[in-house]
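Each chain, written out:
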Amino acid sequence: MAQLTTPARPARRNVRWWRGAVLLIAGVYFVVPLAASFWFSIDDPQGISFSAYTGLLSAPGFLDSLWLTLGLAVVTVVVLLLLLVPALISVRLGAPKLRPVIDVLCTLPLVVPPVALTAGLIGVLRWGPDYLMDTPFFQTFVFIQDPDFPLVLVIAYVLMALPLAYRALDAGLRSMDVRTLVEAARNCGASWPRAVITVVLPNLRGALLNASFLTLALVLGEFTTASILGFQPFPVWIYSVGNSQAHMSVAVSILSLLLTWLLLLLLATAGRERHAKTATS
């Protein structure tokens, strides 16, 4: 007797409503405070006014603090990459047993609060003039505290951003076989520097962008160290303006937040284009 078979039912499409709910909650969480802040910045007793935005360029100290922060961010990114990239590549090529040591050293700043780090810097800066007054090193302490471009903030930012940049670069190096790539380039006649620059660094493009963006975001939002040391980069200027011009302070905060999001979107777009080109080649 032939066995009757029931026709297979079409698989019911799972409507994962929870994804929409999570996106909705996340959107409300971010958009509502941002919209409330924007409304506060344009709300005026006489009606809606955009003077908080139109008056930014002419506000005292706005451009100076912004350019100072951007300059500090660029120098911090360059110093971090010059320190980490050669060190991590050298460890992977010549001394893999030192990787745990590098990992501990680079993540150690995570356990040091910014206030404690700043207190340590203040102690060193006070110790220098007392004991190095008659030595050439005294001018070094004066130079790194120049208000026009305080290099002492670069030192602090490098330490604070070190764990973030290290994790980004380490993840990029873990995704490739550095030793094989370098040996292949060496077999083709390339020198050690050329093998690293032309073979390893292009494959680290995404990791370099991630490390640079994380460092830039940290410098754009860091307030504690600069405020305690008495300098006025962009976050400190926003705080000082907020004491007298609350609307303008909120307007600048919104614009800086949108700028950070724009950089993140550009980074994600660049990463997707890189991945698409690699997949099609």
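Residues numbered from 1 in each chain as written. Predicted model: local features only at pLDDT ≥ 70, side-chain atom pairs only at ≥ 80, totals over all residues. Heavy atoms only, no water.

A. Examining the overall build of the protein more closely. Secondary structure summary: the protein contains 13 helices and two strands in total. A burial count over the protein gives 32% of its 281 residues as buried. Nonlocal contacts in the protein, meaning residues at least 24 apart in sequence, comprise 75% of its contacts between residues at least 6 apart. Accessible area of the protein: about 18,200 Å², with a carbon and sulfur share of 68%. (Helix = DSSP H or I, 4+ residues; strand = E, 2+ residues; numbered from the N terminus. Buried < 20%, exposed > 50% of the residue type's maximum accessible area, 1.4 Å probe, protein only. Contact = heavy atoms within 4.5 Å. Areas by Shrake-Rupley, 256 points an atom, 1.4 Å probe, with all protein chains shown as cover.)

B. A look at the nonpolar core. By size, the foremost hydrophobic cluster in this structure holds 48 residues, and its most contacted members are Leu 84, Ile 89, Leu 169, Val 178 and Val 200. Looking at this core, the elements that each hand over two or more residues are helix H3 (62-94), helix H5 (114-131), helix H7 (151-174), helix H8 (178-187), helix H9 (192-203), helix H10 (205-221) and helix H11 (224-229). Those residues in contact with Ile 89 that lie beyond four places of it in its chain are Leu 173, Val 178, Val 196, Val 200 and Leu 201. Listed in part, the nine residues of the second largest apolar core include Ala 59, Phe 62, Val 241 and Met 248. (Core = buried A, V, L, I, M, F, W, Y, C linked by side-chain atoms within 4.5 Å.)

C. Local environment of the confidence of the model for the protein. When pLDDT is averaged across the protein, the result is 80; 90% of the residues are at 70 or more. Mean pLDDT values over the elements of the protein span from 70, in helix H13 (residues 246-280), up to 90, in H7. (pLDDT = per-residue confidence, 0-100.)

D. Structural context of the packing of aromatic side chains. Summed over the entire model, instances satisfying the criterion amount to five aromatic pairs. Summarising the aromatic geometry, the rings of Tyr 29 and Phe 30 are spaced 5.2 Å apart at their centres and angled 90 degrees between planes, so their arrangement reads as edge-to-face. Of the residues examined, Tyr 29 reaches a relative accessible area of 61% and is grouped as exposed. The class of Phe 30 is partly exposed, set by a relative accessible area of 47%. (Phe/Tyr/Trp six-rings, centres within 6.5 Å; stacked < 30°, edge-to-face > 60°.)

E. Looking closely at the side chain of Arg 92. Here Arg 92 lies in helix H3. Separated by 3.1 Å, the side chains of Arg 92 and Asp 170 make a polar contact. Among residues more than four places away in sequence, those in contact with Arg 92 are Arg 99, Asp 170, Leu 173, Arg 174, Val 178 and Arg 179. (Polar contact = N/O pair within 3.5 Å; in protein donor to acceptor, adjacent residues only side chain to side chain.)

F. Fine view of the pattern of salt bridges. Taken as a whole and judged by the stated rule, the model has three salt bridges. We note a salt bridge from Arg 92 to Asp 170, for which the minimum N-O separation is 3.1 Å. Of this pair, Arg 92 sits in helix H3 while Asp 170 sits in helix H7, placing them 78 residues apart in sequence. Here Asp 170 falls in the buried class, since its relative accessible area comes to 6%. Asp 103 is the salt-bridge partner of Arg 167, the closest N and O atoms lying 3.1 Å from each other. Placement of Arg 167 in helix H7 and of Asp 103 in helix H4 (residues 99-107) is noted, with a sequence separation of 64 residues between them. Among the residues examined, Asp 103 registers a relative accessible area of 22% and is labelled partly exposed. Through salt bridges with shared partners, a single network forms among Arg 92, Asp 170 and Arg 174. (Salt bridge = Lys/Arg side-chain N within 4 Å of Asp/Glu carboxyl O.)

G. Up close: the packing of H3 against H8. Packing of H3 against H8 leaves a shortest axis separation of 9 Å and a crossing angle of 85 degrees. Judged on the interaxial angle alone, H8 and H3 are roughly perpendicular. Taking contact as the criterion, the partners of Ile 89, Arg 92, Leu 93 and Gly 94 in H3 are, on H8, Val 178, Arg 179 and Val 182. Across the contact of H3 with H8, the residue classes break down as four nonpolar, one polar and two charged. (Axes fitted to C-alpha atoms, helices over the stretch in contact; angles between N-to-C directions. Parallel < 35°, antiparallel > 145°, perpendicular 65-115°, else oblique. Nonpolar A, V, L, I, M, F, W, Y, C, P; charged D, E, K, R; others polar.)

H. Fine view of a nonpolar patch on the surface. Side chains of Tyr 29, Phe 30, Val 31, Leu 255, Leu 257, Leu 258 and Trp 261 sit close together on the surface and give an oily, nonpolar patch of about 680 Å² of accessible area. Every element with two or more residues in the nonpolar patch is listed here: helix H1 (17-42) and H13. Locating Leu 258 in the fold gives a position in helix H13. (Patch = residues over 30% accessible without salt bridge, like charges linked within 9 Å, V, L, I, M, F, W, Y side chains within 5 Å.)

I. Region of interest: the side chain of Ser 65. Note that Ser 65 resides in helix H3. Beyond its immediate sequence surroundings of up to four residues, Ser 65 is in contact with Gln 232, Pro 233, Phe 234 and Trp 237.

J. Region of interest: the packing of H3 against helix H12 (residues 234-242). At a closest axis distance of 8 Å, the pairing of H3 and H12 adopts a crossing angle of 150 degrees. As judged from the angle between their axes, H3 and H12 are roughly antiparallel. Touching Phe 62, Ser 65, Leu 66 and Thr 69 of H3 are Phe 234, Pro 235 and Trp 237, all from H12. Looking at side-chain class alone, the contact of H3 with H12 contains five nonpolar, two polar and no charged residues.

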